[in-house]
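Structure at a glance
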Amino acid sequence: MLDLKLIRENPELVRQGIKNKNETDKLDDLLKLDEHRRELILKADELKHKRNQVSSQIPQMKKAGQDVSGILSEMKIVSDQISDFDSQLKEIEVKVEDILLFIPNLPHESVPVGKSAEDNLEVRHWLPEGFSFEKKENTLDHVELGKKLKILDFERGAKISGSGFPLYMGKGATLERALINFMLDYHLQNHGYSEVFPPFLVNKDSMKGTGQLPKMAEDMYYIEKDELYPIPTAEVPITNIYRNEILNEKDLPIKLVGYSACFRREAGSYGKESKGFLRVHQFNKVEMVKIVKPENSYNELEKLVKDAEDILQALKIPYRILLLCTGDLSFSAAKCYDIETWSPAENRWLESSSCSNFENFQARRANIRFRNEQTKKPEFVHTLNGSGLATSRLMVSLLENYQTPEGKIIVPEVLQKYTVFKIID
């Protein structure tokens, strides 16, 4: 969440950031509550100071034989007033936090102002040697390929669980596992990450810490009896490893990578294209998380994007990088790049990764700090994460770009040591 002091001292800056993100502005309510809160704190502190002064005098008065009953009665009234102020403060602080939890992170100054995805900026693209955007004759989409080769079964997946829950079969299941293992190994061996295998269910504090709750509650699955949430991304459990901790500066940056299944209701997405892998409720993802010092976070963001790009170049899959505008930026992110891979059958780019810098927005919510070696004081870290990568839409691009005119699939060379087979037919 944002620092209340920042909001108090720069309300117009914050107001503009909220507007640029197309979010609801509740700053007036927040600032009124904050002003009332500070008035109560001042009054309570004055009364506490008075009570402390008088309390120190009472023993001397008793010793001198003076009557203290009047003063004791007065102090009883003062104590009741203090209790009343403290009670009001607790109520106001709850209201303040409720508003703060719905205020988005501010876009970084380098983020272009825009209303929607139409205003995102292409930063660069990469195409394998010999690649052409021209659609080849007899090109099948991933659903047709999956059915023909008996490697994907969306109908039976829907029978088992419902729409949006894919079923991988035979060599399709092996290919998915190979892709996950390849990406994990690549990040570990070439990018210096440490591996994490996190829980797939988390509590409310974890979801609140990374910004999913309360804002995106309707998009999350929830197990009411156990008060647990199936994770929408491994970002949640991995970032929350350090919730309510003070880290050593010498241990930063912390670079973690982990696989998880991901679960999203996407309650607001009904009516959007939902064919095959294009919109699913369960998918697999390899997630990169960085916990860094504030002054290094934007340099680390560029490295994070490059780490994801390396995977796609190794797979020889065409992609492009988009810098998201303010209107397409997520609630918690200060800056984000999307990586989109090319689908020949759809004849368009598909989002396969997002790499974001949250600055100290998540760290404040999750109370993740490091101790500055010079000042000896704790400071909030900056957190970043990126898909390295999500397999669902990546699988679309892989299958469609590697299909032969006969409708077979050539397995990318870097995956063959994981699959053993070289062709799916």
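As shown above, the structure is provided for reference.
Just so you know, these numbers come straight off a predicted model, no measurement behind them.

**Some details on the sheet that holds strand S8 (residues 319-323)**
On the basis of which strands lie adjacent, the open sheet formed by 8 strands has the order S1-S8-S9-S10-S13-S7-S6-S2 and mixed pairing. If you trace the sheet from one side to the other, it starts and ends with strand S1 (121-126) and strand S2 (194-196), each paired once. Between one strand and the next, the sheet's axes are offset by a mean angle of 25 degrees, whatever the strand orientation. By the bridge criterion, 10 bridges tie strand S6 (residues 254-263) to strand S7 (residues 282-292) in an arrangement that is antiparallel. Across the sheet, Leu256 pairs through a bridge with Val289, a residue of S7. Sitting on the sheet, helix H7 (residues 170-190) is in contact with S2, S6, S7 and strand S13 (382-390), with an inclination near 10 degrees to S7. On the sheet, helix H10 (residues 297-315) packs against S1, S7, S8, strand S9 (335-343), strand S10 (348-357) and S13 and is oriented at approximately 10 degrees with respect to S13.

**Examining the pattern of salt bridges**
Inspection of the entire model under this criterion finds 25 salt bridges. The salt bridge involving Arg8 is made with Asp34; its shortest N-O contact spans 2.7 Å. Within this pair, whereas Arg8 is found in helix H1 (residues 4-9), its partner Asp34 is found in helix H3 (residues 27-63), the two being separated by 26 residues in sequence. We note a salt bridge from Glu249 to Lys293, for which the minimum N-O separation is 3.1 Å. Here Glu249, found in the loop between strand S5 (245-248) and S6, pairs with Lys293, found in the loop between S7 and H10; they are 44 residues apart in sequence, far enough to count as distant.

**Section: helix H2 (residues 11-20)**
Every buried residue of H2 is listed here: Val14, Gly17, Ile18 and Asn20. Along the axis of H2, the buried positions cluster into a sector of 165 degrees, meaning they face one direction only. The exposed residues of H2 that point more than 90 degrees off its buried face are Glu12 and Lys19. As for H2, its buried residues are in contact with H1 and H3. Taken from the residues just after H2, Asn22 is the one with a positive phi, measuring 60 degrees.

**Some details on the environment of Ser163**
Of note, Ser163 is situated in the loop between helix H6 (154-160) and H7. Relative accessible area serves as the criterion here: at 57%, Ser163 is assigned to the exposed category. Spatially, the C-alpha atom of Ser163 lies 9.8 Å from that of Lys275, the residues being 112 residues apart in sequence. Apart from the residues within four sequence positions on either side, Ser163 is in contact with Ala158 and His281.

**Let's talk about the packing of aromatic side chains**
Under the definition given, this model contains 14 aromatic pairs. The interplanar angle of 75 degrees and the centroid separation of 6.1 Å between the aromatic rings of Phe200 and Tyr259 together place this pair among those described as edge-to-face. With Phe200 in the loop between S2 and strand S3 (201-202) and Tyr259 in strand S6, this pair connects stretches of sequence that are 59 residues apart. The structure contains a cluster of three or more aromatic residues connected by ring pairs, namely Phe131, Phe133, Trp342 and Trp349. The cationic tip of Lys171 hangs over the ring face of Phe421; the distance from NZ or CZ to the ring centre is 4.8 Å. The ring centre of Tyr193 lies 4.7 Å from the NZ or CZ of Lys255, which sits over that ring.

**Some remarks on the pairing of S9**
With 9 of its 9 residues buried, S9 lies for the most part within the structure. The two faces of S9 match: Lys335, Tyr337, Ile339, Thr341 and Ser343 on one face and Cys336, Asp338, Glu340 and Trp342 on the other face are all buried. Of the pairings in the sheet, the one linking S9 to S10 comprises 9 bridges and is antiparallel in character. Its bridge partner lying in S10, Tyr337 is registered against Cys355. Counted along the chain from S9 to the antiparallel partner S10, the turn is 4 residues long, and its residue Asn347 has a positive phi close to 60 degrees.

**Some details on the packing of H7 against helix H12 (residues 391-401)**
Where H7 contacts H12, the axes come no closer than 11 Å and their chain directions differ by 110 degrees. Classified by the angle their axes make, H7 and H12 are roughly perpendicular. The handedness of the crossing between H7 and H12 is right-handed. When H7 is examined against H12, the residues Leu175, Glu176, Leu179, Ile180 and Met183 are found in contact with a partner set consisting of Thr391, Leu394, Met395, Leu398 and Leu399.

What counts as what
Residues numbered from 1 in each chain as written. Predicted model: local features only at pLDDT ≥ 70, side-chain atom pairs only at ≥ 80, totals over all residues. Heavy atoms only, no water. Pairing = 2+ DSSP bridges. Helix = DSSP H or I, 4+ residues; strand = E, 2+ residues; numbered from the N terminus. Axes fitted to C-alpha atoms, helices over the stretch in contact; angles between N-to-C directions. Contact = heavy atoms within 4.5 Å. Salt bridge = Lys/Arg side-chain N within 4 Å of Asp/Glu carboxyl O. Buried < 20%, exposed > 50% of the residue type's maximum accessible area, 1.4 Å probe, protein only. Arc of directions from axis to C-beta. Phe/Tyr/Trp six-rings, centres within 6.5 Å; stacked < 30°, edge-to-face > 60°. Lys NZ or Arg CZ within 6 Å of the ring centre and 35° of its normal. Parallel < 35°, antiparallel > 145°, perpendicular 65-115°, else oblique. Left-handed = near helix turned anticlockwise from the far one by under 90°.

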